[in-house]
Amino acid sequence: MDDCIFCKIVKGEIPSIKIYEDKHVFAFMDINPVSEGHALVIPKIHVENLWKIPEATLSAVHSASKTIVHAMTMAMGPVSVAAVQLNGRGVNQVVMHYHLHLIPRASDGEALKLTAWEMIPGDMDAINRTGAAIAAAIEND
Ligand SMILES: [Zn+2]
């Protein structure tokens, strides 16, 4: 897509701090990092989100993420790495080109806010109702 910032990064029209590239995948450092080492893994083809990405492309992106996290572990020694992926403006996807965030947490780092939500038991009746509605919609699709 002509006006897509990530397509321009893949083509080298916008500079990026590249950390990995293969036939289908490009990965680079996030310049607005949540933590030190925050990287983005994207497909080279323009595809908006998880619901539209071809299976083979999805597989390539996630396989590459394993290579990158292995390297991240060797280079930085994080305690853990969150893989976060947003789909749609309603959940704050900013660039409408599929991207997987790899967000490491350093051993002495603060807990990642997005993974540190409080565990509060839900309303079981509501959970059962919603689960049944989703399962029924899958059956009827
Ligand atoms: Zn794009």
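Because the structure is a prediction, the values reported are computed rather than measured. (Residues numbered from 1 in each chain as written. Predicted model: local features only at pLDDT ≥ 70, side-chain atom pairs only at ≥ 80, totals over all residues.)

A closer look at the overall build of the protein
Spelled out, the test is: By definition, any uninterrupted DSSP run of H or I lasting at least four residues is a helix, any uninterrupted run of E lasting at least two residues is a strand, and each is numbered from the N terminus. Neighbour density around each residue's C-beta defines its exposure: 20 or more other C-beta atoms within 10 Å make it buried, 12 or fewer make it exposed, and counts between make it partly exposed, where C-beta atoms are placed from the backbone. Once C-beta atoms are placed from the backbone, any two residues with those atoms within 7 Å are in contact.
A count of helices and strands for the protein gives three helices and five strands. Helices (α) and strands (β) of the protein occur, in sequence order from the N terminus, as α-β-β-β-α-β-β-α. When burial is assessed residue by residue, the protein has 18% of its 141 residues classed as buried. Of the contacts formed within the protein by residues at least 6 apart in sequence, a portion of 59% connects residues at least 24 apart.

Description of the sheet that holds strand β4 (residues 80–84)
Keep this limit in mind: In this description, strands pair whenever DSSP reports at least two bridges between them. Axis geometry follows a simple rule: fit a line to the C-alpha atoms, using only the stretch in contact for helices, then measure angles between N-to-C directions, giving values from 0 to 180 degrees.
Taken in spatial order, the five strands line up as β1-β2-β3-β5-β4 in an open sheet, and their pairing is antiparallel. A single partner strand is all that each edge strand has here, and the edge strands are β1 (18–21) and β4. Geometrically, the sheet is characterised by an average inter-axis angle of 20° between neighbouring strands, direction not taken into account. Relative to strand β2 (residues 25–29), β1 runs antiparallel, the two being bridged by three bridges. Opposite Glu 21, over in β2, you have Phe 26 as the bridge partner.

Some words on helix α3 (residues 124–140)
Just so we agree on the cut-off: Here the expected span of a helix is defined as 1.5 Å times the quantity of residues minus one.
When the terminal C-alpha atoms of α3 are compared, their 24 Å separation across 17 residues agrees well with the 24 Å that a helix rising 1.5 Å per residue should span. The element α3 is largely exposed, with a buried count of zero among its 17 residues.

With respect to the environment of Val 34
Residue position: Val 34 is located in the loop between β2 and β3 (39–43). Leaving out residues up to four positions away in the same chain, Val 34 has contacts with Ile 103 and Leu 112.

Some remarks on unusual backbone geometry
Even without being a glycine, Asn 92 presents a positive backbone phi close to 70°. Tracing the backbone shows Asn 92 in the loop between β4 and β5 (100–105).

Description of the pairing of β2
Residues in a regular strand project their side chains so that they alternate between the two faces of the sheet. Across the five residues of β2, four count as buried, placing the element largely inside the fold. In sequence, β1 turns back onto β2 through a hairpin of three residues.

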